[in-house]
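Listed below, chain by chain, are the residues.
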Amino acid sequence: MEISTAAIWESLKTIPDPEIPAVSIVDLGIVRNVEFNDDQLKITITPTYSGCPAFSFMKEEIIRHLESAGIFNYQIDTSLAPPWTTDWMSDSVKAKLKEAGIAPPSHKVECPQCESQNVDVISEFGSTACKALYKCNECSEIFHHFKQI
Ligand SMILES: [Zn+2]
């Protein structure tokens, strides 16, 4: 096996989050570890919100990337401890979310358009359990907030 773990990380960085295509599954902190045990590649992933149905899709995408890179001897472990939290998102990821019109995780929800905190929650559950739907009272923008956990 000539492929490096660094190359695998790079490949995984090209897999977008199915719900938030602006960020990758690596950006979100879903991919925890990539290592070789002898010849077997082991990838550890942690699901985000337990209610998110996208997890099995992400796993399939990882497998698709590995196999297209010629890696067939792999194991994908799902680790639930420590649980994923939004703290695992870097500031650059939060900036990408904001550019995509999604308020990043924070206790103070801010409109991604005008940065006003004068916002009201419309629904605790937006398009998915991960996101709440808000309305900005300043600029009338309707936006999703990636819930802080
Ligand atoms: Zn606004």
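Computed from a predicted structure; not experimentally measured. (Residues numbered from 1 in each chain as written. Predicted model: local features only at pLDDT ≥ 70, side-chain atom pairs only at ≥ 80, totals over all residues. Heavy atoms only, no water.)

### Considerations on the pairing of strand 6 (residues 131–136)
Logical step 1: Of the pairings in the sheet, the one linking strand 5 (residues 119–123) to strand 6 comprises four bridges and is antiparallel in character. Across the sheet, residue Val 121 finds its bridge partner in strand 6, namely Tyr 134.
Logical step 2: With five bridges connecting them, strand 6 and strand 7 (residues 142–146) associate as antiparallel partners. Bridge pairing links Lys 131 to Phe 146 in strand 7.
Logical step 3: The turn joining strand 6 and strand 7, which pair antiparallel and follow one another in sequence, is formed by five residues; a positive phi near 65° is taken by Ser 140. (Pairing = 2+ DSSP bridges. Helix = DSSP H or I, 4+ residues; strand = E, 2+ residues; numbered from the N terminus.)

### Regarding the domain arrangement of the protein chain
Logical step 1: Each domain of the protein chain was delimited in the assignment, giving domain 1 (5–84) and domain 2 (101–146).
Logical step 2: Between the C-alpha centres of domain 1 and domain 2 there is a distance of 28 Å. (Domains from an automatic or database assignment.)

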